[in-house]
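In case you want the letters, here they are:
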Amino acid sequence: MVDQAEIERLKKVAKSIRCDIIWALAHAGSGHPGGSLSATDFCTALYFHTLKHDPGTCSWEGRDRVIFSKGHVSPLVFSLLAEAGYIDREELKTFRHFGSRLQGHPNCECPGIEVGTGSLGQGLSIGVGLALGLRLDRKPNRVYCIMGDGENQEGSTWEAIMSAGHFKLDNLCVILDNNGLQIDGWVEDVMGLQPIADKWRAFRWHTIEIDGHDMAQCVDALDLAQEVKGQPTVIIAKTVKGKGVSFMENRAEWHGKAPKPDEARQALQELACPAEYLDF
Amino acid sequence: MTEIKWKPTRDGYGDALLEMGAQDERIVVLGADLSDSTRALWFWKKYPERFFEFGIAEQNMLAAAAGLSLAGKIPWVSTYGVFVAGRAWDQIRTTICYSKVNVKIAGAHGGISVGPDGATHQALEDVATMRVLPHMTVIVPCDYWETKKAILWACKYVGPVYVRFGREPVPILTTPEEPFEMGKANLINDGTDVTIANNGPVLYECMKAVQMLKEKGVSVRLLNIHTVKPIDREAIAKAARETGGIVAVEEHQVIGGFGSAVAEAVVQTHPVPMRFIGIQDRFGASGTPEQLFEEFGLTAKHIVAAVEEVLKAKKA
């Protein structure tokens with residue numbers, strides 16, 4: 001168990017990340033708030049508790065690798081990178097603008113991004129290859145892959161899940177953002193995936209199910225995943241799409257639309273963000 | 001001509017991997033249940049720890065190859081052209097090419113000469129689907145030696161490369177000593193009346209056509225162009241300027257492939273009459289390579305007829 005002070009520190013970081021997400025989206029005028037806000041807490045635990053990395057030296061050999069298979073949560077990704085110090089926070093204002101390093105979906109131009117992602121169903125395969133390569137060199141680096149639940153509808157995702165189980169990749173950990181929603185509605189209505197944990201288990205994965213907004217559970221699960229030997233681990237994080245902003249929570253329509261200025265102001269207010277965020 | 005030896009281009013792939021595997025620890029090979037027929041098996045037997053079997057799951061294999069590259073490896077992905085350049089196209093586009101990941105793709109069983117397996121297994125569109133991707137290099141070697149040289153070159157180059165090779169034995173028409181320069185055409189025969197621009201193992205038919213045309217008093221320039229992308233614009237422009245007409249020859253659909261690449265160079269430099277030998281917007285079929293070359297119009301006789309059309313168009 002992690003001590004309470006660490007949990008409180010991480011909660012504060014997550015709060016700040018959520019402010020950055022809304023702020024970047026408000027400046028961009030387009031983008032994906034829903035999945036960014038649902039994945040904020042466990043990604044905060046990952047980046048600011050678990051990950052071995054050096055924001056000053058992106059290519060540091062000892063770094064753990066993170067692949068955002070759900071590349072559309074770029075507002076979250078860039079906010080994490082800004083908070084960690086890979087990029088300047090001011091740069092978030094250029095998100096999705098012409099000439100910016102912060103593209104609509106993340107690519108290699110931005111420090112801290114290993115590879116461009118955005119076409120769903122590919123990230124875990126990249127993670128499998130990374131994990132195989134690192135293991136071949138007997139390196140201790142771990143590979144983390146952030147996935148959406150709707151992405152489990154892609155056939156190629158199951159090819160990747162199958163292979164990671166087959167190769168017994170215990171240096172690979174997936175965090176599945178199980179917010180239950182996708183663009184066309186509830187995942188269960190669009191193309192049902194339940195029982196999702198049983199499916200992953202059947203493909204030889206160690207599964208951990210958590211409340212993805214409970215910081216202590218996020219941290220514990222990430223700690224635990226590092227102890228699992230002989231098989232990869234998936235942390236299935238039950239989350240709420242749009243978490244923290246009342247009018248976005250559990251609403252599919254907020255998958256890929258930015259808040260208008262007045263909506264963004266309300267969101268920032270609800271999140272108790274500092275006044276300097278209101279500059280759009 | 002002295003007696004010609006025959007060997008499949010896929011053997012050049014298998015041998016080049018063995019050679020590079022010994023030289024460079026970073027070389028790894030991925031297979032999708034076709035390791036024997038792609039010749040990846042040879043590497044697997046020699047370096048089992050550096051071979052990864054992905055089963056019948058090409059999409060995963062392609063993006064996993066990107067991951068291996070990001071871990072510092074030089075991955076060679078081996079499967080049939082149809083299953084890689086078709087099925088896994090989005091992985092190649094978005095994961096490999098967009099981020100310019102150092103992945104090498106070996107497309108086996110290219111062209112109609114695959115024979116009895118028929119249309120499903122004959123890659124006839126792979127050059128087009130690979131050529132259209134930014135950052136991608138596309139090479140179609142003509143014989144065993146050219147394949148080997150292309151693979152050795154690709155291992156040193158950093159960036160995505162697609163190399164296409166075939167199943168059947170084809171004549172060995174180059175030598176180990178001849179230079180292989182990526183993106184540069186090789187002059188096989190010089191001539192002044194017309195140019196045949198060849199891509200891949202159909203070279204043998206082109207050489208026969210050159211001989212037949214010589215007997216008719218036509219002086220043919222024969223260029224062997226292994227690299228489809230980047231295309232040798234300079235050699236093509238020079239050929240257009242100096243011979244005034246071009247026939248492009250390939251074992252691939254005439255839409256979007258090598259001939260299209262030649263035409264793009266021609267119309268932007270020195271427009272001249274052109275004809276296209278290749279698969280004319282059809283699917284393949286079962287048969288022997290000889291039967292199929294006849295049916296789909298890829299023999300020396302067909303090339304001669306196309307040259308004569310170009311000569312007529314030149315005069316018009």
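What counts and what doesn't
- As a convention, each chain's residues are numbered from 1 in the sequence order in which they are written.
- The order in which chains are written sets their letters, starting at A; the order in which ligands are written sets their numbers, starting at 1.
- At least 70 in pLDDT is required for a residue's local features to be given in this predicted model, at least 80 for side-chain atom pairs to be given and counted, and no such filter applies to totals for whole chains, interfaces and linings, which use all residues.
- Think of it this way: any DSSP run of H or I at least four residues long counts as a helix, any run of E at least two long counts as a strand, and we number them from the N terminus.
- All radius of gyration figures rest on C-alpha atoms, and the globule criterion is 2.2 Å times the number of residues raised to 0.38.
- Buried means a residue has 20 or more other C-beta atoms within 10 Å of its own C-beta, exposed means 12 or fewer, and partly exposed covers the counts in between; C-beta atoms are placed from the backbone.
- Contact between two residues is assigned when their C-beta atoms, built from the backbone, lie within 7 Å.
- We define the nonpolar core as any set of buried residues of the types Ala, Val, Leu, Ile, Met, Phe, Trp, Tyr and Cys, connected via C-beta atoms lying within 7 Å of each other.
- Residue ranges for the domains originate in an automatic or database domain assignment.
- To estimate the expected span of a helix, subtract one from its residue number and multiply by 1.5 Å.
- We treat two strands as partners when DSSP finds at least two bridges between them.
- Axes here mean lines fitted to C-alpha atoms, for a helix over just the part in contact, with angles spanning 0 to 180 degrees between N-to-C directions.
- Note that Gly is not counted as nonpolar here; it falls among the polar residues with everything else outside the nonpolar set of Ala, Val, Leu, Ile, Met, Phe, Trp, Tyr, Cys and Pro and the charged set of Asp, Glu, Lys and Arg.
- Oblique is the label for any angle not under 35 degrees, not over 145, and not in the 65 to 115 range, which are roughly parallel, roughly antiparallel and roughly perpendicular in turn.
- Crossing handedness follows the turn of the near helix against the far one: under a right angle anticlockwise gives a left-handed crossing, and clockwise gives a right-handed one.

Regarding its fold elements, chain A presents 10 helices and 7 strands. In terms of C-alpha radius of gyration, chain A reaches 18 Å, essentially the compact-globule figure of 19 Å for 280 residues. In terms of principal-axis extent, the alpha carbons of chain A reach across some 50 × 45 × 40 Å. When burial is assessed residue by residue, chain A has 53% of its 280 residues classed as buried.

A tally of helices and strands in chain B yields 13 helices and 14 strands. Considered along the principal axes of its C-alpha atoms, chain B spans approximately 60 × 40 × 35 Å. Here chain B, with 316 residues, has 59% of them falling under the buried criterion. Counting only contacts in chain B whose residues sit at least 6 apart along the sequence, the fraction spanning at least 24 positions is 79%.

To continue, consider the nonpolar core. One broad trend across soluble globular proteins is that nonpolar side chains are buried collectively. Core analysis: the biggest nonpolar cluster contains 189 residues, and A:Ile235, B:Ile196, B:Val247 and B:Val307 have the highest contact counts within it. Broken down by element, the residue count for this core peaks at 12 residues, all from helix 1 (residues 4-28) of chain A. Residue assignment places this core across two domains, with domain 1 (6-171) and domain 2 (186-315) of chain B each supplying three or more. Setting aside residues up to four positions removed in sequence, A:Ile235 forms contacts with A:Cys173, A:Ile175, A:Leu176, A:Ile208, A:Ile210, A:Ala221 and A:Ala225.

If you check helix 6 (residues 155-166) of chain A, its first and last C-alpha atoms are 17 Å apart, about what 12 residues at 1.5 Å a residue would give, namely 16 Å. Residues A:Ser156, A:Thr157, A:Glu159, A:Ala160, A:Ile161, A:Ser163 and A:Ala164 constitute the buried set of helix 6 of chain A. Against the buried residues of helix 6 of chain A lie helix 5 (123-136), strand 3 (172-178) and helix 8 (196-202) of chain A together with helix 4 (58-70) of chain B. Phi turns positive one or two residues past the end of helix 6 of chain A, at A:Lys168, with a value near 55 degrees.

Turning our attention to the pairing of strand 2 (residues 143-148) of chain A. All names here are of chain A. The buried count for strand 2 comes to 6 of 6 residues, which makes it a mostly enclosed element. Here strand 2 shows two buried faces, one formed by Val143, Cys145 and Met147 and the other by Tyr144, Ile146 and Gly148. The sheet contact formed by strand 1 (residues 65-68) and strand 2 spans 4 bridges and is parallel. Looking across to strand 2, one finds that Phe68 is bridged to Ile146. The sheet contact formed by strand 2 and strand 3 spans 6 bridges and is parallel. By the bridge assignment, Met147 is partnered in strand 3 with Leu176.

It is worth spelling out the sheet that holds strand 6 (residues 137-139) of chain B at this point. Residues and elements named next belong to chain B. Strand order across the open sheet formed by 7 strands is 3-2-4-5-7-6-12, with mixed pairing between neighbours. Both edges of this open sheet fall to strand 3 (51-53) and strand 12 (227-229), since each of them pairs with a single strand only. Pairs of neighbouring strands in the sheet enclose a mean axial angle of 20 degrees, with direction left out of account. When strand 2 (residues 27-31) meets strand 4 (residues 74-80), the two strands line up parallel, connected through 5 bridges. Bridge pairing in strand 4 places Val29 opposite Trp76. Helix 1 (residues 9-23) rests against strand 2, strand 4 and strand 5 (104-108) of the sheet, and its axis sits at about 140 degrees to strand 2.

The next thing to look at is the interface of chain A and chain B. How big an interface is tends to be expressed through the accessible area that disappears when the partners come together. Each partner contributes residues to the interface: chain A has 21 residues there, and chain B has 22 residues. In terms of residue count, the dominant contributor to the side of chain A that touches chain B is helix 5 of chain A (9 residues). By residue class, the composition of the side of chain A that touches chain B is 8 nonpolar, 11 polar and 2 charged.

Residues and elements named next belong to chain B. Partitioning chain B into structural domains gives domain 1 (6-171) and domain 2 (186-315). In this structure, domain 1 and domain 2 have C-alpha centres spaced 26 Å apart. Across the boundary between the two partners, domain 1 contributes 28 residues, which contact 28 residues of domain 2. Secondary structure elements with two or more residues in the side of domain 1 that touches domain 2: helix 7 (126-131), strand 6, helix 8 (144-156) and strand 8 (169-171). Of the residues in the side of domain 1 that touches domain 2, the class split is 15 nonpolar, 8 polar and 5 charged.

Moving on to the packing of helix 1 of chain A against helix 4 (residues 74-84) of chain A. Residue and element names in this part refer to chain A. At a closest axis distance of 9 Å, the pairing of helix 1 and helix 4 adopts a crossing angle of 125 degrees. Classed by the angle they form, the pair helix 1 and helix 4 counts as oblique. The two elements helix 1 and helix 4 meet at a crossing, and its hand is right-handed. Counting all contacts with helix 1, which are made through Val13, Ser16, Ile17, Asp20, Ile21, Ala24 and Leu25, the residues of helix 4 involved are Pro75, Leu76, Phe78, Ser79, Leu80, Ala82 and Glu83. Its residues assigned to classes, the contact of helix 1 with helix 4 comprises 10 nonpolar, 2 polar and 2 charged.

Turning next to the sheet that holds strand 11 (residues 220-224) of chain B. Strand pairing in a sheet relies on backbone hydrogen bonds, with the paired strands running either antiparallel or parallel. Residue and element names in this part refer to chain B. Strand order in the open sheet formed by 5 strands is 9-11-10-13-14, with mixed pairing between adjacent strands. Since the sheet does not close on itself, it has two edges, and those belong to strand 9 (186-189) and strand 14 (274-279), each with one partner. Neighbour to neighbour, the strand axes of the sheet diverge by 25 degrees on average, direction disregarded. As paired elements, strand 10 (residues 194-198) and strand 11 share 5 bridges and run parallel to each other. From the neighbouring strand, Ile196 faces strand 11, where its bridge partner is Leu222. Lying over the sheet, helix 11 (residues 258-269) contacts strand 10, strand 13 (246-253) and strand 14, oriented at roughly 150 degrees with respect to strand 13. Set on the sheet, helix 13 (residues 300-315) makes contact with strand 10, strand 11, strand 13 and strand 14; between it and strand 14 the angle comes to about 160 degrees.

Residues and elements named next belong to chain A. For the pair helix 1 and helix 10 (residues 261-270), interaxial distance at closest approach is 10 Å and the crossing angle is 170 degrees. In this view, helix 1 runs roughly antiparallel relative to helix 10, as classed from their interaxial angle. Along the contact surface, helix 1 presents Cys19, Ile22, Leu25 and Ala26, while helix 10 presents Pro261, Ala264, Ala267 and Leu268. A breakdown of the residues in the contact of helix 1 with helix 10 according to their chemical character gives 8 nonpolar, no polar and no charged.

Here we come to the pairing of strand 6 (residues 206-211) of chain A. Residues and elements named next belong to chain A. Here strand 6 shows one buried face, formed by His206, Ile208 and Ile210, and one open face, formed by Thr207, Glu209 and Asp211. Bridge count between strand 6 and strand 7 (residues 233-238): 6 bridges; the pairing is parallel. The partner of Ile210 across the bridge, within strand 7, is Ala237.

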